[in-house]
Amino acid sequence: MSDQRIGFIGLGNMGGRMARCLLDAGIEVVGYDADDKAAQRIGVTPAPSIAEVVGAADIVLMSLPDSHIVEKVVEGSDGVLDAGRSGQIVVDLSTASASSTKRLAARLAEKDMAYVDAGVSGGAAAAERGALTLMVGGDPAAIERLGWVWEPIAKSVVVMGDSGAGHTTKLLNNFLNAVSLAATSEVMVAGKKAGLDLHKLLEVLNSSSGVNFATLNRFPKIVDGDYLEGGLTSKLMTKDVVLYGDLVHELGVSSMNISGPMASFGLATALGYGDVISNRVVDAIGDIAGGIRLYES
Ligand code: NAD
C-alpha cells in the first residue's frame, strides 16, 4: 500500500518527525503548515493550503497545538470539512479535547468522512525513531484501513474504543507525566540545595518507590546538562493539564492533584520557559529557590 499518498497538516516538532518517517518508508507526503518553510525543511511536497492537502490524499493526518486550532483547521472556510469528500479519513494526532474530537467526528460523519483520534506518546525522541505509542479512538472500519500508516511511525498501537477514547487516554497519561515531572523537578532542586550527589540520588530513586518516568528517563540526562530539547513545551504541557481538568470535571471526578502541575508549568511559562521543553520547569523551580541549577558547566 506504500504507493498511497498521505496529507499532513501541522509539521512541527512531532508532525515533522512523523512526516519524515513516512517519507523514509517510501510514502509520498503532501504537507501544509502555518510556517510556510516547514514542508520544504522536512522534505514533504508543499501544498499552499489546507484545501489542497485534503484534495491530494484520501488520508489526512494532523498534528496541531490544541483543539482551538484543530477546530479552525477542520471547520474554517476552505478547511478540512469544506474540502473533504466521502470516504476520506482524517486522523488527529494532536493532544486535544475529547469532547471537541467527538463533535468534529459527528460533523465529518455527516459527509461520510471518518475522524480518528490518535493520542501520541513517546515525545520527539520516539517520533524521530518511528517508535511512538498511539492510543486510538474512532470507527473500527476506518482504523482498520490505517495499519500501513501506523507502521512507519509507531511501535505500539492500542485501539481504545469509540471516537474520543484515544484523546481521553492521552489526557490521562499526560496528567501523570505532568505530575511526575513537576514533583521530580522539585525533589531534584531540594536534593541539590541539600548538597546531595544527584547521580546517587537518582540511583536510589530508581531502585526505590519514588521511581517514575522522569527519574528514569529525564533526570539522568538533565543532571549532566542535557535537557532533551525539542520535546513538549511548558505551554503545551499546561494546555494538556487544563484539558485533563476539563475532562475530569465533565466526568464528575474531582481532581485533588491538578494544582501542582498547573502551578509548576505556569511558573515556568511566567519566568520565560514557556516555549522550550517542559523539562526546563526544573530551572524555573531552581530560580525561585535562589538560582539553583542541577548542572553547572
Ligand atoms: P509544535 O508547536 O512544534 O507543532 C505544531 C505545528 O502546527 C507548528 O509547526 C505550527 O506552525 C503548526 N500550526 C499551528 N497553527 C496551524 C494552522 N492553523 N494550520 C497549519 N499548521 C498550524 O507542537 P508539537 O510539539 O509538534 O505538538 C503537536 C501536538 O502533539 C500538540 O497537540 C502536542 O500537545 C502533541 N504532542 C506533543 C508531544 C511532544 O513531545 N512535543 C508529544 C505528544 C503529543
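See the structure shown above.
Residues numbered from 1 in each chain as written. Predicted model: local features only at pLDDT ≥ 70, side-chain atom pairs only at ≥ 80, totals over all residues. Heavy atoms only, no water.

Considering the packing of aromatic side chains
Okay, so step 1: Here the structure, examined in full by the defined rule, presents one aromatic pair.
Okay, so step 2: Note on F175 and Y244: the rings are 3.8 Å apart at their centroids and 5 degrees apart in plane angle, and the pair reads as stacked. In this pair, F175 is assigned in helix α10 (residues 165-193) and Y244 in helix α13 (residues 234-251), connecting sequence segments 69 residues apart.
Okay, so step 3: On the basis of relative accessible area, F175 is assigned to the buried category, the value being 7%.
Okay, so step 4: Residue Y244 is classed as buried on the basis of its relative accessible area of 11%.
Okay, so step 5: Over the face of the ring belonging to Y227 we find R280, whose NZ or CZ atom lies 3.5 Å from the ring centre. (Phe/Tyr/Trp six-rings, centres within 6.5 Å; stacked < 30°, edge-to-face > 60°. Helix = DSSP H or I, 4+ residues; strand = E, 2+ residues; numbered from the N terminus. Buried < 20%, exposed > 50% of the residue type's maximum accessible area, 1.4 Å probe, protein only. Lys NZ or Arg CZ within 6 Å of the ring centre and 35° of its normal.)

Focus: the sheet that holds strand β7 (residues 132-137)
Okay, so step 1: Reading across the sheet, the eight strands line up as β3-β2-β1-β4-β5-β6-β7-β8 and stay open at both edges, with mixed pairing between neighbours. On the outer flanks of this sheet lie β3 (45-46) and β8 (154-161), each paired with one strand and no other.
Okay, so step 2: On top of the sheet, helix α4 (residues 67-75) reaches β1 (5-9), β4 (59-62), β5 (89-92) and β6 (114-121); it is set at about 155 degrees to β4, its chief contact.
Okay, so step 3: Along the sheet, α10 makes contact with β5, β6, β7 and β8, crossing β6 at roughly 20 degrees. (Pairing = 2+ DSSP bridges. Contact = heavy atoms within 4.5 Å. Axes fitted to C-alpha atoms, helices over the stretch in contact; angles between N-to-C directions.)

Here we look at the site of the ligand
Okay, so step 1: Close to the ligand lie 26 residues; N13, M14, D33, L64 and K239 are nearest.
Okay, so step 2: Between N13 and the ligand, the recorded distance is 2.9 Å, taken from a backbone N or O atom to an oxygen atom.
Okay, so step 3: Separating a nitrogen atom of the ligand from a backbone N or O atom of A34 is a distance of 3.1 Å.
Okay, so step 4: Relative to its unbound accessible area of 830 Å², the ligand is 84% covered by the protein chains.
Okay, so step 5: If one sorts the elements of the shell around the ligand by residue count, α13 sits on top with three residues.
Okay, so step 6: Each of two domains, domain 1 (5-161) and domain 2 (169-287), supplies a minimum of three residues to the shell around the ligand. (Near = heavy atom within 4 Å. Polar contact = N/O pair within 3.5 Å; in protein donor to acceptor, adjacent residues only side chain to side chain. Areas by Shrake-Rupley, 256 points an atom, 1.4 Å probe, with all protein chains shown as cover. Domains from an automatic or database assignment.)

Regarding helix α11 (residues 198-205)
Okay, so step 1: Among all positions in α11, only L198, L201, L202 and L205 are buried. Down the axis of α11, the buried set is contained in an arc of 95 degrees. They therefore lie on one face. Exposed side chains of α11 directed beyond 90 degrees from the buried face belong to K200 and E203.
Okay, so step 2: Where α11 is buried, its residues meet α10 and α12 (213-222).
Okay, so step 3: Its side-chain oxygen placed 2.8 Å from the backbone nitrogen of H199, D197 serves as the N-cap of α11. (Arc of directions from axis to C-beta.)

A look at the packing of α10 against α13
Okay, so step 1: Packing of α10 against α13 brings their axes to within 9 Å, and their N-to-C directions diverge by 120 degrees. In terms of orientation, α10 lies oblique with respect to α13. Of the two possible hands of crossing, α10 and α13 adopt the one that is left-handed. Residues T168, L171, L172, N174, F175, N177, A178 and L181 of α10 form the contact with α13, whose participating residues are M237, D240, V241, L243, Y244 and L247. (Parallel < 35°, antiparallel > 145°, perpendicular 65-115°, else oblique. Left-handed = near helix turned anticlockwise from the far one by under 90°.)

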